[in-house]
Amino acid sequence: MHIPAAFFWLLSALAALQLFHAARALPRALRAGPGARTGPWLAFTDHVLSVPLTVGLALGNLTVAFYGTLLLGPVLTWSLIRGIRSAGAPKAAQQPGTP
């Protein structure tokens, strides 16, 4: 498959940006304490697994893009499930007189 040069460079820049965000998310994931580990690690793996998908699309290799999607699918699904569960969870009751 032929990818126009503009899209190749755009997707390559996007892959580099995702790699940069993965490098920024790694220290946060390593510092996460018990009970708060899943969120930072999901953010890190989301960024890391998005790189092969984007590079596969940039190079026009649909096989790499397909397998990248297979790896990224469970991470995005679990992130969606966590988001839905946390949105439906009741907020902690505030004490009267506290802002």
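Located above this text is the structure these notes cover.
Notes on the packing of aromatic side chains
Two aromatic rings, taken as a pair, are described by how far apart their centres are and by the angle between their planes.
Here comes step 1: Enumeration over the complete set of coordinates arrives at three aromatic pairs.
Here comes step 2: Each ring, one from Phe-8 and one from Trp-9, has its centre 5.0 Å from the other, and the planes form 75°; the classification is edge-to-face.
Here comes step 3: Taken together, a centroid distance of 5.7 Å and an interplanar angle of 85° make the contact between Trp-41 and Phe-44 edge-to-face. Highlighted residues: Trp-41 and Phe-44, both in helix α2 (residues 38–59), separated by three residues, approximately one helical turn.
Here comes step 4: On the basis of relative accessible area, Trp-41 is assigned to the partly exposed category, the value being 32%.

Remarks on helix α3 (residues 62–88)
Here comes step 1: Over its 27 residues, α3 extends 37 Å from the first C-alpha to the last, a length consistent with the 39 Å expected when each residue adds 1.5 Å.
Here comes step 2: The largest bend along α3 measures about 35° and falls at Leu-72, with the proline Pro-74 one to four residues further on.
Here comes step 3: If you follow the buried residues of α3, they end up packed against α2.
Here comes step 4: Capping the start of α3 is the job of one residue whose side-chain oxygen sits 3.2 Å from the backbone nitrogen of Thr-63: Asn-61.

Reading the values: rules and limits
- Residues numbered from 1 in each chain as written.
- Predicted model: local features only at pLDDT ≥ 70, side-chain atom pairs only at ≥ 80, totals over all residues.
- Heavy atoms only, no water.
- Phe/Tyr/Trp six-rings, centres within 6.5 Å; stacked < 30°, edge-to-face > 60°.
- Helix = DSSP H or I, 4+ residues; strand = E, 2+ residues; numbered from the N terminus.
- Buried < 20%, exposed > 50% of the residue type's maximum accessible area, 1.4 Å probe, protein only.
- Expected span 1.5 Å × (residues − 1).
- Bend = angle between axes of the 7 residues up to and from the residue.
- Contact = heavy atoms within 4.5 Å.
- Polar contact = N/O pair within 3.5 Å; in protein donor to acceptor, adjacent residues only side chain to side chain.

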